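Given next are the chains, with one letter for each unit.
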Amino acid sequence: MALLFLVCAVVGGTILICQFVLTLVGLGGEHGGDFSHDMAHDFAGDAGHDAAGGDTHGADGNDNAASQQHGSSWLFAVISFRTVVAAAAFFGLVGSAAQSAGQPVGVQLLLAVAAGVGAMYGVHWLIRSISRLGTDATLRVKNALGQEGTVYVPIAGSRAQAGKIQLKVQNRLVEYEAVTSTAERLATGTKVRVVGLAGNVLEVEPVKMASVV
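Everything numeric here is computed off the predicted structure, so don't read it as measured data.

What counts and what doesn't
- Residue positions are given per chain, counting from 1 as you read along its sequence in written order.
- Side-chain atom pairs in this predicted model are given and counted only at pLDDT of 80 or more, local residue features only at pLDDT of at least 70, and totals for whole chains, interfaces and linings cover all residues.
- Side-chain calculation: all heavy atoms of the structure are included, whereas hydrogens and water are not.
- By definition, any uninterrupted DSSP run of H or I lasting at least four residues is a helix, any uninterrupted run of E lasting at least two residues is a strand, and each is numbered from the N terminus.
- Throughout this description, buried means an accessible area under 20% of the type-specific maximum (1.4 Å probe, protein chains only), exposed means over 50%, and partly exposed covers the range between.
- What makes two residues a contact is simply this: any of their non-hydrogen atoms within 4.5 Å.
- Any two strands between which DSSP finds at least two bridges are classified as paired.
- Angles shown run from 0 to 180 degrees and are taken between the N-to-C directions of axes, each axis being a line fitted to C-alpha atoms and, for helices, limited to the stretch in contact.
- A residue's pLDDT is simply how confident the predictor is in it, with values from 0 to 100.

### Quick notes on the environment of P206
Argument step 1. As for its placement among the helices and strands, P206 is situated in strand β5 (residues 201-206).
Argument step 2. Residue P206 is classed as buried on the basis of its relative accessible area, which comes to 3%.
Argument step 3. Remark: the alpha-carbon pair of P206 and V192, spanning 14 residues in sequence, is separated by 4.3 Å.
Argument step 4. If we ignore the near neighbours within four places in the chain, the residues touching P206 are T182, E184, L186, K191 and V192.

### Considering unusual backbone geometry
Argument step 1. Of note, the phi angle at S158 is positive, near 55°, even though the residue is not glycine.
Argument step 2. Inspection of the secondary structure assignment puts S158 in the loop between β1 (148-153) and β2 (163-169).
Argument step 3. With phi around 55°, R159 is a residue other than glycine that occupies positive phi space.
Argument step 4. Tracing the sequence through the fold places R159 in the loop between β1 and β2.

### Some points on the sheet that holds strand β4 (residues 191-198)
Sheet strands pair via backbone hydrogen bonds, and the direction of the pair is either parallel or antiparallel.
Argument step 1. The mixed closed barrel is built from five strands, whose spatial order is β1-β2-β3-β5-β4. On average, each strand axis in the sheet is tilted by 55° relative to the strand beside it, whichever way the strands run.
Argument step 2. By the bridge criterion, three bridges tie strand β3 (residues 172-180) to β5 in an arrangement that is parallel. Within β5, the residue paired with V179 across the bridge is E203.

### Regarding the confidence of the model for the protein
A low pLDDT score tells you not to read the predicted coordinates there in detail.
Argument step 1. Residues at a pLDDT of 70 or more form 67% of the protein, whose mean pLDDT is 74.
Argument step 2. Helix α2 (residues 36-54) is the least confidently modelled element of the protein, averaging 42 in pLDDT, while β1 averages 93, the highest of any element.
Argument step 3. Every residue in residues 27-63 scores below 50 in pLDDT, and together they form 36 contacts with partners more than four places removed in sequence or on other chains.
Argument step 4. Low pLDDT, under 50, characterises residues 65-74; the stretch is placed with eleven contacts to residues that sit more than four places away or in other chains.

### Here we look at the environment of A115
Argument step 1. Residue position: A115 is located in helix α5 (residues 105-137).
Argument step 2. Given the relative accessible area of 17%, A115 is considered buried.
Argument step 3. Remark: the alpha-carbon pair of A115 and G95, spanning 20 residues in sequence, is separated by 8.7 Å.

Structure, rendered in structure tokens:
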């Protein structure tokens, strides 16, 4: 048992530290070691096929199969390379600590398993939280449509030359290149409204013209 705890702690802890270092330098993407999506997809597909092909016991049997499939798929979604490594590391560390404290073998295993499961779900939750934070923080140019802003660098008329405008997008003050189809030149300080997109370049019109249209 002591050897098992030691191997898990050393191997899991070493890989966990390497992953942390690689993440700091930008090489530790989750897609490189995450097999949870494939496992969940394959499992769901196999379970769905088995339920459809082999279950002929009516609606109750189908409901039970669907419930079991959903629960199992959710469980497999938690399993990834990072979560398994974290579980192994904490399993070994807590098990070794319990053994050093003179706890019985049963207690050692119980504490080690609890720590491993907790670490697995904790890392899974942390990864999902960071992913959601990154998604929410991503600035979407399309959200600028219909927003009003102010010309920062003069914009030449008839799309002759791009200028720049400042406006608020997703509660952030941002600056974008902008062009206008109007014949008049839009001077600094002109209030404009975004009416179109051309990649990351916005098409704007003076607010007074947009309101008339």
